[in-house]
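Residues per chain, in single letters:
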Amino acid sequence: MSDGDLRARLAAGDLDALAGAYDEHAAHVYGVAMTVTGSRGAAEEVTQEVFLALWERPLSYDPRLGSLRGWLVGRALHASAVRVGVGG
């Protein structure tokens, strides 16, 4: 399934699409968050936050601008940096 198809399914409220996105990308999101925060707990919270944002606002991801993985990892980097106070 393409990232655009996944986005459309998420926008339609398809929980299976969210589960598929999680299965495919959660390890990358968690890895980034763990690297930045150095905390398993914080990394788990960031991962949850990133996928919750995808579920609540799937149209904020635009597949014309890049991959879903890139969008998720970018959100994870931002959320992790905020947690550790980088750039604040």
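Located above this text is the structure these notes cover.
Draft legend 1. Summary view of the overall build of the protein. From N to C terminus, the protein includes 4 helices and 0 strands. Each helix and strand of the protein, placed in order from N terminus to C terminus, yields the pattern α-α-α-α. Taken against the 2.2 N^0.38 rule, which gives 12 Å for 88 residues, the C-alpha radius of gyration of the protein at 13 Å falls within 12% of a compact globule. Principal-axis analysis of the C-alpha atoms places the extent of the protein at approximately 35 × 20 × 20 Å. Burial statistics for the protein: of 88 residues in total, 34% are counted as buried. Counted over contacts in the protein with a minimum sequence separation of 6, partners at least 24 positions apart contribute 64%. A total of about 5100 Å² of accessible surface is found on the protein, and carbon and sulfur atoms cover 54% of it. For the protein, the distance from the average position of its 8 positive side-chain charges to the average position of its 11 negative side-chain charges is 5 Å.

Draft legend 2. Examining the environment of H25 more closely. On the secondary structure map, H25 appears in helix α2 (residues 15-37). When the C-alpha positions of H25 and L72 are compared, they lie 7.9 Å apart, and in sequence the two are 47 residues distant. A distance of 3.2 Å separates a polar atom in the side chain of H25 from a polar atom in the side chain of R69.

Draft legend 3. Quick look at the nonpolar core. Core analysis: the largest hydrophobic core is formed by 21 residues, its most contacted members being F51, L54, L68 and L72. At 7 residues, α2 tops the list of elements feeding residues into this core. With near-sequence residues (within four places) excluded, L54 lies in contact with L10, L18, A21, L68, W71 and L72.

What counts, and where the lines are drawn
Residues numbered from 1 in each chain as written. Predicted model: local features only at pLDDT ≥ 70, side-chain atom pairs only at ≥ 80, totals over all residues. Heavy atoms only, no water. Helix = DSSP H or I, 4+ residues; strand = E, 2+ residues; numbered from the N terminus. Rg over C-alpha atoms; globule rule 2.2 N^0.38 Å. Buried < 20%, exposed > 50% of the residue type's maximum accessible area, 1.4 Å probe, protein only. Contact = heavy atoms within 4.5 Å. Areas by Shrake-Rupley, 256 points an atom, 1.4 Å probe, with all protein chains shown as cover. Lys, Arg positive; Asp, Glu negative; His and termini not counted. Charge placed at Lys NZ, Arg CZ, Asp CG, Glu CD. Polar contact = N/O pair within 3.5 Å; in protein donor to acceptor, adjacent residues only side chain to side chain. Core = buried A, V, L, I, M, F, W, Y, C linked by side-chain atoms within 4.5 Å.

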